[in-house]
Amino acid sequence: MLPRPGPVRRPPHCRACPVPPRTPRTITPAERAYRDRSVLDEPHNHLVDFHRELAKAKTGVTFYLRLLNRLSSGEFDVDDALFTRIDRTVDQLEEAAEARDAAARTVLAVLEPIEAAAAVSPSGTKPLSTDDQAALLAIAGGAKLYEHLLTGRMSVTAASGTRASRTPSCSGWRAPA
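Criteria and cut-off values
Residues numbered from 1 in each chain as written. Predicted model: local features only at pLDDT ≥ 70, side-chain atom pairs only at ≥ 80, totals over all residues. Heavy atoms only, no water. Helix = DSSP H or I, 4+ residues; strand = E, 2+ residues; numbered from the N terminus. Expected span 1.5 Å × (residues − 1). Buried < 20%, exposed > 50% of the residue type's maximum accessible area, 1.4 Å probe, protein only. Phe/Tyr/Trp six-rings, centres within 6.5 Å; stacked < 30°, edge-to-face > 60°. Lys NZ or Arg CZ within 6 Å of the ring centre and 35° of its normal. Pairing = 2+ DSSP bridges. Salt bridge = Lys/Arg side-chain N within 4 Å of Asp/Glu carboxyl O.

Enquirer: Go over helix H2 (residues 42-71), please, and point to the residues and values.
Expert: Relative to the 44 Å expected for 30 residues at 1.5 Å per residue, H2 spans 44 Å between its end C-alpha atoms, a close match to the ideal helical length. Turning to H2, its buried residues number three or more, namely Asn45, Leu47, Val48, His51, Leu54, Ala57, Val61, Tyr64, Leu67, Leu68, Asn69 and Leu71.

Shown next, in the form of structure tokens:
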């Protein structure tokens, strides 16, 4: 009687991603919500759509890698049927990898004009700070903006009750202590 094989070892995570590190690795649920509510402009909407396709393609590659790992783990009897399944899985993995690479090229093609437009800012305009961008996104997400008419102090209150305030003399938003 043969010994039962040990636990299946997972293959190491693929670190050689075809998309350079300048692109976001994931699209957050908030970004998907902004896209679905049409908060983003057209180029960013396309970027989110194509990034979704890239995520689906990466999921397909991961699925076939894990299936191939399972087939080669020793869990199944070695016979012609196993070799046929392995060949079919390798073919499907190649197709999934080609789809992933095509999706990555599409994301990069959509991302280039966005990065080029971001690099060229009109003269005389001051870019928004990270805190201001966060406050604007919170407002777009349903938060309320309050301004004290005498002091000029502004505060943003999110639906969760989180509050950030800004005084006219301060350079950024801060949460109350």
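From this point, the narrative continues.
Enquirer: Give me the packing of aromatic side chains: which residues, what numbers.
Expert: Enumeration over the complete set of coordinates arrives at 1 aromatic pair. For the ring pair Phe63 and Tyr64, a centre distance of 5.0 Å and an interplane angle of 75 degrees mean the geometry is edge-to-face. Over the ring of Phe76 we find Arg85; its NZ or CZ atom is 5.6 Å from the centre of that ring.

Enquirer: Break down the pairing of strand S3 (residues 163-166) for me, citing the residues and quoting the values.
Expert: Pairing between strand S2 (residues 154-157) and S3: 4 bridges, direction antiparallel. Within S3, the residue paired with Val156 across the bridge is Ala164. Where S2 folds back onto S3 in an antiparallel hairpin, the turn is made up of 5 residues, including Gly161, whose phi is positive at roughly 100 degrees.

Enquirer: Just give me the short version of the pattern of salt bridges, but keep the residues and values in it.
Expert: A pair can form between side chains of opposite charge whenever their charged atoms are brought close. Taken as a whole and judged by the stated rule, the model has 3 salt bridges. When the shortest N-O distance is used, the salt bridge between Lys56 and Glu53 registers 3.9 Å. One end of the pair, Lys56, and the other, Glu53, are both in helix H2, 3 residues apart, so they sit about a helical turn from each other. Glu75 serves as the salt-bridge partner of Arg70, at 3.2 Å between the closest nitrogen and oxygen.

Everything listed here is a matter of coordinates, which is why it stays silent on function.
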